[in-house]
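Structure assessment
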Amino acid sequence: VQLQASGGGLVQAGGSLRLSCVASGTIFSKMNMGWYRQFPGMQRELVATILSDGLTSYEDSVKGRFTISRDNTKNTVWLQMNSLKPEDTAVYYCNDIIRVAVAGYDNWGQGTQVTVSS
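Let us look at the structure shown here.

Conventions we followed
The residue numbering used here restarts from 1 in each chain and proceeds along that chain's sequence as written. Reporting of local features is limited, given that this is a predicted model, to residues whose pLDDT is at least 70; pairs of side-chain atoms are given and counted only at 80 or more, and all residues count toward the totals for whole chains, interfaces and linings. Hydrogens and waters are ignored; side-chain quantities use all the structure's heavy atoms. Here a helix means four or more residues in a row that DSSP labels H or I, a strand means two or more in a row labelled E, and each is numbered from the N terminus. Each residue's exposure class comes from its accessible area (1.4 Å probe, protein chains only) as a fraction of the maximum for that residue type: buried when under 20%, exposed when over 50%, partly exposed otherwise. Distance and chemistry together define a polar contact, namely a pair of N or O atoms within 3.5 Å, with one atom able to donate a hydrogen and the other to accept it when in protein, and with adjacent residues in sequence counting only for side-chain atoms on both sides. Any two residues having at least one pair of non-hydrogen atoms within 4.5 Å are treated as being in contact. A side-chain nitrogen of Lys or Arg and a carboxyl oxygen of Asp or Glu constitute a salt bridge if their distance falls within 4 Å. Cysteine sulfur atoms that come within 2.5 Å of each other are treated as a disulfide pair. By nonpolar core we mean a set of buried residues, namely Ala, Val, Leu, Ile, Met, Phe, Trp, Tyr and Cys, connected to one another through side-chain atoms within 4.5 Å. When DSSP finds two or more bridges between a pair of strands, those strands are recorded as paired. Only the stretch in contact is used when fitting a helix axis, every axis being a line fitted to C-alpha atoms; angles between N-to-C directions are given from 0 to 180 degrees.

Below, the discussion takes up the side chain of T76. With respect to the helices, strands and loops of the structure, T76 is situated in strand β8 (residues 76-81). The class of T76 is buried, set by a relative accessible area of 7%. In terms of polar contacts, T76 uses its side chain to reach the backbone carbonyl oxygen of K74, at 2.7 Å. For T76, the residues in contact, after removing those within four places along its chain, are C21, V22, F28, S69, R70 and D71.

Set out below in C-alpha coordinates:
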(Lines give C-alpha, C1' and ligand atoms only; values in the text may rest on other atoms or scores of the structure.)
Protein backbone atom coordinates (compact mmCIF):
# COMPACT_ATOMS: atom_id res chain seq x y z
CA VAL A 1 0.00 0.00 0.00
CA GLN A 2 1.27 3.43 -0.94
CA LEU A 3 -0.04 6.44 0.94
CA GLN A 4 0.49 10.07 -0.01
CA ALA A 5 -0.71 12.80 2.31
CA SER A 6 -0.80 16.44 1.25
CA GLY A 7 -2.45 19.76 1.97
CA GLY A 8 -0.57 20.89 5.04
CA GLY A 9 0.86 24.32 5.52
CA LEU A 10 1.13 27.34 7.76
CA VAL A 11 -2.11 28.88 9.00
CA GLN A 12 -3.12 31.30 11.73
CA ALA A 13 -5.08 30.14 14.74
CA GLY A 14 -8.75 29.94 13.86
CA GLY A 15 -8.00 29.13 10.25
CA SER A 16 -8.72 26.02 8.20
CA LEU A 17 -6.86 23.44 6.18
CA ARG A 18 -7.99 20.45 4.18
CA LEU A 19 -5.67 17.47 4.09
CA SER A 20 -5.84 14.84 1.37
CA CYS A 21 -4.53 11.30 1.27
CA VAL A 22 -4.40 9.14 -1.82
CA ALA A 23 -3.94 5.40 -1.40
CA SER A 24 -2.82 2.95 -4.05
CA GLY A 25 -1.89 -0.67 -4.31
CA THR A 26 -4.94 -2.05 -2.57
CA ILE A 27 -8.74 -2.12 -2.66
CA PHE A 28 -9.37 1.27 -1.10
CA SER A 29 -13.09 0.77 -0.57
CA LYS A 30 -12.36 -2.01 1.92
CA MET A 31 -9.84 0.01 3.91
CA ASN A 32 -10.70 1.43 7.31
CA MET A 33 -8.82 4.71 7.21
CA GLY A 34 -7.49 7.01 9.86
CA TRP A 35 -5.70 10.30 10.15
CA TYR A 36 -2.88 10.36 12.65
CA ARG A 37 -0.65 13.14 13.88
CA GLN A 38 2.76 13.16 15.42
CA PHE A 39 4.13 15.85 17.69
CA PRO A 40 7.93 16.22 17.89
CA GLY A 41 9.43 13.47 19.99
CA MET A 42 6.08 11.75 20.50
CA GLN A 43 4.31 8.68 19.18
CA ARG A 44 1.71 9.11 16.48
CA GLU A 45 -1.83 9.49 17.75
CA LEU A 46 -5.06 8.70 15.99
CA VAL A 47 -7.30 11.73 15.57
CA ALA A 48 -10.04 10.60 13.19
CA THR A 49 -11.25 7.40 11.57
CA ILE A 50 -13.62 6.50 8.79
CA LEU A 51 -14.54 2.88 8.30
CA SER A 52 -15.26 1.17 5.01
CA ASP A 53 -18.98 1.62 5.72
CA GLY A 54 -18.54 5.35 6.29
CA LEU A 55 -18.82 5.37 10.07
CA THR A 56 -16.62 8.09 11.58
CA SER A 57 -15.08 8.74 14.96
CA TYR A 58 -12.89 11.47 16.43
CA GLU A 59 -10.45 12.03 19.22
CA ASP A 60 -11.96 14.32 21.84
CA SER A 61 -9.69 17.31 21.21
CA VAL A 62 -10.75 17.56 17.55
CA LYS A 63 -14.46 16.77 17.84
CA GLY A 64 -16.55 19.50 16.29
CA ARG A 65 -13.54 21.01 14.51
CA PHE A 66 -12.26 18.24 12.22
CA THR A 67 -14.25 16.24 9.67
CA ILE A 68 -13.03 13.09 7.96
CA SER A 69 -14.51 11.97 4.66
CA ARG A 70 -13.69 9.67 1.78
CA ASP A 71 -14.36 9.08 -1.89
CA ASN A 72 -13.75 5.47 -2.88
CA THR A 73 -13.89 6.33 -6.59
CA LYS A 74 -10.83 8.54 -6.06
CA ASN A 75 -9.04 6.33 -3.51
CA THR A 76 -8.92 9.44 -1.35
CA VAL A 77 -9.61 10.34 2.26
CA TRP A 78 -9.75 13.95 3.47
CA LEU A 79 -9.45 15.70 6.78
CA GLN A 80 -11.16 19.08 6.94
CA MET A 81 -9.66 20.99 9.85
CA ASN A 82 -11.45 24.10 11.07
CA SER A 83 -10.87 26.39 14.05
CA LEU A 84 -7.26 25.32 14.14
CA LYS A 85 -5.27 25.83 17.31
CA PRO A 86 -1.50 26.07 17.86
CA GLU A 87 -1.68 22.73 19.65
CA ASP A 88 -2.79 21.12 16.38
CA THR A 89 0.70 21.75 15.01
CA ALA A 90 2.10 18.36 14.00
CA VAL A 91 2.94 16.13 11.06
CA TYR A 92 -0.24 14.45 9.84
CA TYR A 93 -0.38 11.01 8.27
CA CYS A 94 -3.09 8.76 6.91
CA ASN A 95 -3.16 5.00 7.16
CA ASP A 96 -5.23 1.87 7.34
CA ILE A 97 -6.11 1.53 11.00
CA ILE A 98 -6.23 -2.27 10.78
CA ARG A 99 -2.73 -2.53 9.33
CA VAL A 100 -1.39 -0.04 11.86
CA ALA A 101 -2.60 -2.29 14.67
CA VAL A 102 -0.37 -5.13 13.49
CA ALA A 103 2.84 -5.40 15.48
CA GLY A 104 5.83 -4.22 13.50
CA TYR A 105 3.86 -2.36 10.86
CA ASP A 106 5.83 0.65 9.73
CA ASN A 107 4.50 1.76 6.35
CA TRP A 108 3.59 5.39 6.91
CA GLY A 109 4.38 7.10 3.68
CA GLN A 110 5.04 10.80 3.59
CA GLY A 111 3.17 12.91 6.08
CA THR A 112 2.21 16.53 5.73
CA GLN A 113 3.25 19.29 8.11
CA VAL A 114 0.57 21.45 9.68
CA THR A 115 1.75 24.53 11.53
CA VAL A 116 -0.70 26.77 13.35
CA SER A 117 0.59 30.13 14.51
CA SER A 118 -0.89 32.00 17.44
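The structure having been displayed, the exposition proceeds.
Applying the stated criterion across every chain yields a total of five salt bridges. The partner of E45 in a salt bridge is R37, with the nearest N and O atoms 2.9 Å apart. Residue E45 is classed as partly exposed on the basis of its relative accessible area, which comes to 27%. The residue K63 makes a salt bridge to D60 at a minimum N-O spacing of 3.1 Å. A single network of salt bridges, built from pairs that share partners, joins R37, E45, R65 and D88.

Our next topic: the state of the cysteines. Tallied over the entire structure, the rule returns one disulfide. Shown here is the disulfide that connects C21 with C94, its sulfur atoms set 1.7 Å apart. Taking the torsion about the S-S bond as the criterion, the C21 to C94 disulfide, at about 50 degrees, is right-handed. Here the residue C21 occupies a position in strand β3 (residues 17-24), and C94 occupies one in strand β9 (residues 90-96), the gap between them amounting to 73 residues. By the burial criterion, C21 is buried, and C94 matches it.

Right, let's talk about the nonpolar core for a bit. Counting residues in hydrophobic clusters, the biggest one holds 26 residues, and the most contacted among them are M33, W35, V77, L79, M81 and Y92. Of all the secondary-structure elements, those providing two or more residues to this core are β1 (2-6), β3, β4 (33-38), β5 (45-50), β7 (66-71), β8, β9 and β10 (112-117). No other element matches β3, which puts four residues into this core. Beyond its immediate sequence surroundings of up to four residues, M81 is in contact with G15, S16, L17, L19, R65, F66, Y92 and V114.

Taking strand neighbours across the sheet as the criterion, the six strands line up as β2-β10-β9-β4-β5-β6 in an open arrangement whose pairing is mixed. Across the chains shown, the open sheet's two edge strands, defined by having one partner strand only, are β2 (9-12) and β6 (56-58). Taken pair by pair, the neighbouring strands of this sheet meet at an average axis angle of 25 degrees, ignoring direction. In terms of strand pairing, β4 meets β9 through six bridges, oriented antiparallel.

Treat this as a map of the structure, not an account of what it does.
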